[in-house]
Amino acid sequence: MKSAAYDTALVLLFSASLTFAQTGKITGMVTDARTNEPLVGANVVIEGTSMGAASDFEGFFTILSVPPGSYRLRASIIGYAAATLVDVRVNIGQTTELAFRLSEAAIQAQEVVIIASQPVVQKDVSSSQLNLNFREIEHLPSVRTISNVIGLQAGIQISQTTGDLIIRGGGGDQTAFMLNGLSLRDERTNKPYLGISVTAIENVQIQTGGFNAEYGNIRSGVVNVTTKEGNRDRYSVGFLGRYSHPAPKQFGGLPNSPTSYWIRPYVDPEVCWTGTKNGAWDPFTQNQYPEFEGWIALAAKTLKDDDPSNDLTPEAAQRVFLWQHRKELGIEKPDYDIDVSFGGPVPGISQFLGDLRFFASHRRSEIMYLVPLSRDSYQDFNTQLKLTSDLGRGMKLTFEYLTGEATGTNDNNAGLAGLFTTPASIAAQLHRVSYIDARIFASDYWAPSAIKRKMYGGKLTHVLSPSQFYELSVSHFATSYSTNPGRPRDVTRKYNFGNEYYVDESPFGFQPNPSTGIDGLRMGVGMSNSRDSSEVSVITARIDYTNQLDRYNQLKAGSEFIYTDNKVNYASIDAFLPEGRSRSVWHTFPIRAAVYVQDKLEFEGMIVNLGLRLDYSDPRGKWFVYDPFNPVLDSTTEITKNFTLSPRLGVAFPVTENSKLFFNYGHFRSMPTPENLFLVRRYLVGDILTYLANPNNPLPKTVAYELGYEHSLFDEYLIRVAGYYKDVSNQATSTRYLNPSIGLSYSVSTPNSYEDIRGFEVTLSKNRGRWVQGFINYTYMVSTAGRFGYAQFSAKRSEQRAYERDNIERDLYQQRPVPRPYGRMNLDFFTPPDFGPEVAGLSLLGDWRLSLLGNYSAG
């Protein structure tokens, strides 16, 4: 497939969601080795493909739309000995520069084979960017998911409680994640789906600033992942496995051990019979545990009435307590990951369908929870299939399919989307608050939940000429949620603890009615309140057109169109205590569209990425017109269509042969969460309004600047220093309105939250050479945040004046969190493949590896 350029003039086309070109470009010169004169008409081809180009009158050639990877390139012309460059690496969106020096055949008849050396400093990159191939990824220790890979880089953190990507202070809903150019974004939460197979990955590009105009609905970061493509003539297999023996995930003993906070007062023979204040414990020990009157006193209370069914001896009362705290809290099953892939030609029909080839992968993982909940672990599986066919010369068609499901326990009782994914996410809910013992010892405080995802799409790449091509892609990404209570409790009273005292299987099973343990343990009501049956799907269609206008200008333009089907239905339900419970339902069909144009100017002394993006957002439909102090929602008007213009600029210029400076600036916007667009929440009892969104709000906006410097040492080490500043505005927050005369109190989504984020990053890396490779990075970031205007307004002026007097600092004072710098280190020590003595052609000591991973944090 002959390649063509990578950017061209403005063309109005359609696309959906985020479907971005994930290819690179190869350029170079072909010259006479003796005279250094350019050679005109030399053929340069990528071996094993149909991609290539011919050198022009200046000896210059360009090969466009090259998938990321390592290649062999061969240059030839009549009268000269051919030359081959091997290990030529191509990265997403970057230019790889080569130089072929051909000798006349009379001087040297043999073909010359040269190992290409990629420069340490990539001079055409004008932002903080990292490219990793599958070899570099597989050498990272403890790599189970793509999140593990991303989370090691400077400026990036993975939330221990939610698993979200936090890039330079921006949340997961501000980050784009692309798989082979197709967006994996759950538009129920606006967060990316990251559960893809690691063994299928070919290349990963991580960018934390300076995004080109082709990227929309993004403010903090972009991760581009390309997966492997099946070979035309052979099969390949990959496997990654991890097994962790069952072991506790907390310090100290289990919550139901005899010495734990919840158990000791009731089983310690010094105090359990006569009470914790009987003098056996000193005051310090008493303060460490709940106060308990003792089983003798508690049993005596059961004898004061004429009902023999509740009579207990002290020993029987203690046995009832142990029965109601019998939940096994130890870890009995292992954590594991299984990741396997397989690819090659499609048997029997490959040669008849354009060398049709496939690459399939499957990933399954299980992480045991800190303590068992309604489910005892978080499980995630994912299956991917990639089909590739060369339809004809210059035409390539790729089909993608992905299906996955995550199961576990819902992380809230409000009906919101979310799962406990790590032990840390549960630990955050188990500090000493009300009903913490119910969260531990009952099985159904939170409801079981499942999230299913499915994506399919296709991409056509058509090379029109050696200098131009276009890509057309269409995809569909759907997410469905299922959160409901688990099995109902068996309330048959069949377990006898003396005389006529019977109990059921409490605290196991879902029980919507009151149920209280002998020590006050809450075993019913207020549990498994979340309900969710939402289904959200996004259809994406996009076209990008690229044209290498000349040696210095690569112009790219395109457009996209996004259609979303939001069928959201979630609630917080409590049949016994319905007060304060609500249901949130909407079914909307918002659309988005965009056009962009960008030019990549490549000179020997400077690289400029210049772009402009126009975004259109239409939530569609009507919204309410109302008095905020008397919201009668019976009058509506058309929702405002939103147009935004976003300039982007990136500049990189060499300072010396081994160093460069880079600078970038841009305006970036992302969609608000759906709750800030369409939510009208009412309490189920009384139909009382409690929250009202506003789809007419402007889109959250980030204006970002970055200045950086890169330097190469000894042609092996790279030092990168980057400083950045982000001005964030129009973020949604809540404003409460009160009208005491009619008993009104509700909140409205308002775009008056702001942030200032600034920081710097230092990275030292070595990704070539013998014996040792790896990186060390350090990140320091500070931020301030606040809101414009007060968080509450009352129709009663005296109350409002009092509120403003008492809350001016809380509402209008900037928040200044303590900086928490952090650093990461990965050192990979290895022996060369040919190291040591050989036995039967194998080097026994060759390619042994020891990888060290370190983390530092402060604050």
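Below you will find a few notes about this structure. (Residues numbered from 1 in each chain as written. Predicted model: local features only at pLDDT ≥ 70, side-chain atom pairs only at ≥ 80, totals over all residues. Heavy atoms only, no water.)

### Details of the overall build of the protein
Part 1: Summing up its helical and strand segments, the protein has ten helices and 47 strands in all.
Part 2: For 859 residues, the compact-globule estimate of 2.2 N^0.38 gives 29 Å, and the C-alpha radius of gyration of the protein, at 32 Å, lies within 12% of that figure.
Part 3: Viewed in the frame of its principal axes, the protein has a C-alpha envelope of about 115 × 75 × 55 Å.
Part 4: Per-residue burial for the protein yields a buried fraction of 54% across its 859 residues.
Part 5: Partitioning the contacts of the protein with sequence separation of at least 6, the portion at a separation of at least 24 is 69%.
Part 6: Of the roughly 37200 Å² of accessible surface on the protein, 57% is carried by carbon and sulfur atoms.
Part 7: In the protein, which carries 82 positive and 88 negative side-chain charges, the distance between the mean positions of the two groups comes to 2 Å. (Helix = DSSP H or I, 4+ residues; strand = E, 2+ residues; numbered from the N terminus. Rg over C-alpha atoms; globule rule 2.2 N^0.38 Å. Buried < 20%, exposed > 50% of the residue type's maximum accessible area, 1.4 Å probe, protein only. Contact = heavy atoms within 4.5 Å. Areas by Shrake-Rupley, 256 points an atom, 1.4 Å probe, with all protein chains shown as cover. Lys, Arg positive; Asp, Glu negative; His and termini not counted. Charge placed at Lys NZ, Arg CZ, Asp CG, Glu CD.)

### Side note on the sheet that holds strand β1 (residues 24–32)
The strands that make up a sheet are held in pairs by hydrogen bonds between backbone atoms, and each pair lies either parallel or antiparallel.
Part 1: Taken together, three strands build an open sheet; the order of strands is β4-β1-β7 and the sheet is mixed. Both outer strands of the open sheet, β4 (60–66) and β7 (95–102), are each paired with one neighbouring strand and no more. The sheet shows a mean angle of 20° between the axes of neighbouring strands, direction not considered. (Pairing = 2+ DSSP bridges. Axes fitted to C-alpha atoms, helices over the stretch in contact; angles between N-to-C directions.)

### Observations regarding the nonpolar core
Part 1: Among the nonpolar cores identified, the biggest contains 39 residues, and Trp295, Leu312, Leu373, Ile426, Leu430, Phe441 and Ile518 are the most heavily contacted of them.
Part 2: Those residues in contact with Trp295, other than ones at most four positions away along the chain, are Tyr266, Cys272, Trp273, Pro314, Ala317, Gln318, Phe321 and Ile518.
Part 3: Counting residues in hydrophobic clusters, the runner-up holds 28 residues, among them Leu132, Leu165, Leu402 and Phe775. (Core = buried A, V, L, I, M, F, W, Y, C linked by side-chain atoms within 4.5 Å.)

### Focus on the sheet that holds strand β9 (residues 129–133)
Part 1: The strand order β9-β16-β17-β12-β13 describes an open sheet built from five strands, whose pairing is mixed. Each edge of the open sheet is held by one strand with a lone partner, namely β9 and β13 (182–183).
Part 2: As defined by bridge partners, strand β12 (residues 175–179) adjoins strand β17 (residues 221–227) across five bridges and the pair is classed as parallel. Residue pairing in the sheet places Leu179 in a bridge with Val225 of β17.

### Comments concerning a negative patch on the surface
Part 1: A contiguous patch of negative charge on the surface is contributed by Asp305, Asp306, Asp307 and Glu500.
Part 2: Counting through the fold element by element, Asp306 comes out in the loop between α5 (295–302) and α6 (314–324).
Part 3: Owing to a relative accessible area of 81%, Asp306 belongs among the exposed residues under this scheme. (Patch = residues over 30% accessible without salt bridge, like charges linked within 9 Å, V, L, I, M, F, W, Y side chains within 5 Å. Salt bridge = Lys/Arg side-chain N within 4 Å of Asp/Glu carboxyl O.)

### Digging into α6
Part 1: Among all positions in α6, only Pro314, Ala316, Ala317, Gln318, Val320, Phe321 and Gln324 are buried.
Part 2: Looking at the buried residues of α6, the elements they touch are α3 (264–267) and α5.

### Considerations on the pattern of salt bridges
Part 1: Counted by the stated rule, this structure contains 43 salt bridges.
Part 2: The closest approach of N and O atoms between Arg581 and Asp574, which form a salt bridge, is 4.0 Å. The pair formed by Arg581 and Asp574 is uniform in burial state, with each residue classed as buried.
Part 3: Residue Arg682 pairs with Asp687 through a salt bridge whose shortest N-O separation is 3.9 Å.
Part 4: Accessibility expressed as a relative area gives 48% for Asp687, which makes it partly exposed.
Part 5: In the salt-bridge network here, residues are joined through shared partners; they are Glu229, Arg232, Asp355, Arg357, Asp390 and Lys396.

### Thoughts on helix α10 (residues 797–812)
Part 1: Along its 16 residues, α10 runs just 19 Å from first to last C-alpha, ending more than 12% under the 22 Å computed at 1.5 Å per residue.
Part 2: Residues of α10 that are buried include every one of Gln800, Tyr803, Asn807 and Asp811, and no others. (Expected span 1.5 Å × (residues − 1).)

### Structural notes on the pairing of strand β23 (residues 448–465)
Regular strands place their side chains on alternate faces of the sheet.
Part 1: Alignment of strand β22 (residues 395–409) against β23, held across 15 bridges, turns out to be antiparallel. The residue bridging Thr398 from the neighbouring strand is Lys459, located in β23.
Part 2: Between β23 and strand β24 (residues 468–483), which pair antiparallel and follow one another directly, the connecting turn spans two residues.

### With respect to unusual backbone geometry
Part 1: Between Ser506 and Pro507 the backbone carries a cis peptide bond, its omega angle lying at 10°.
Part 2: Turning to its location among the elements, Pro507 is positioned in the loop between β26 (502–503) and β27 (530–532).
Part 3: Within the chain, Asn36 stands out as a residue other than glycine whose phi angle is a positive 65°.
Part 4: Considering the arrangement of structural elements, one finds Asn36 in the loop between β1 and β2 (43–46).
Part 5: Using a relative accessible area of 47% as the deciding quantity, one classes Asn36 as partly exposed.

### Structural notes on the environment of Gln773
Part 1: As for its placement among the helices and strands, Gln773 is situated in strand β42 (residues 772–787).
Part 2: Expressed as a C-alpha distance, the spacing of Gln773 and Asn547, which sit 226 residues apart in the sequence, is 38 Å.
Part 3: For Gln773, the residues in contact, after removing those within four places along its chain, are Lys766, Asn767, Arg768, Asn826, Leu827, Asp828 and Phe830.
Part 4: Separated by 3.2 Å, the side chain of Gln773 and the backbone oxygen of Gly769 make a polar contact. (Polar contact = N/O pair within 3.5 Å; in protein donor to acceptor, adjacent residues only side chain to side chain.)

### Here's the deal with a nonpolar patch on the surface
Part 1: Together, Tyr235, Val237, Phe239, Ile338, Val340 and Phe342 give the surface a local cluster of nonpolar side chains, amounting to about 590 Å² of exposed area.
Part 2: Going through the elements one at a time, β18 (236–244) and β19 (335–345) are the ones with two or more residues in the nonpolar patch.
Part 3: By secondary structure assignment, the location of Tyr235 is in the loop between β17 and β18.

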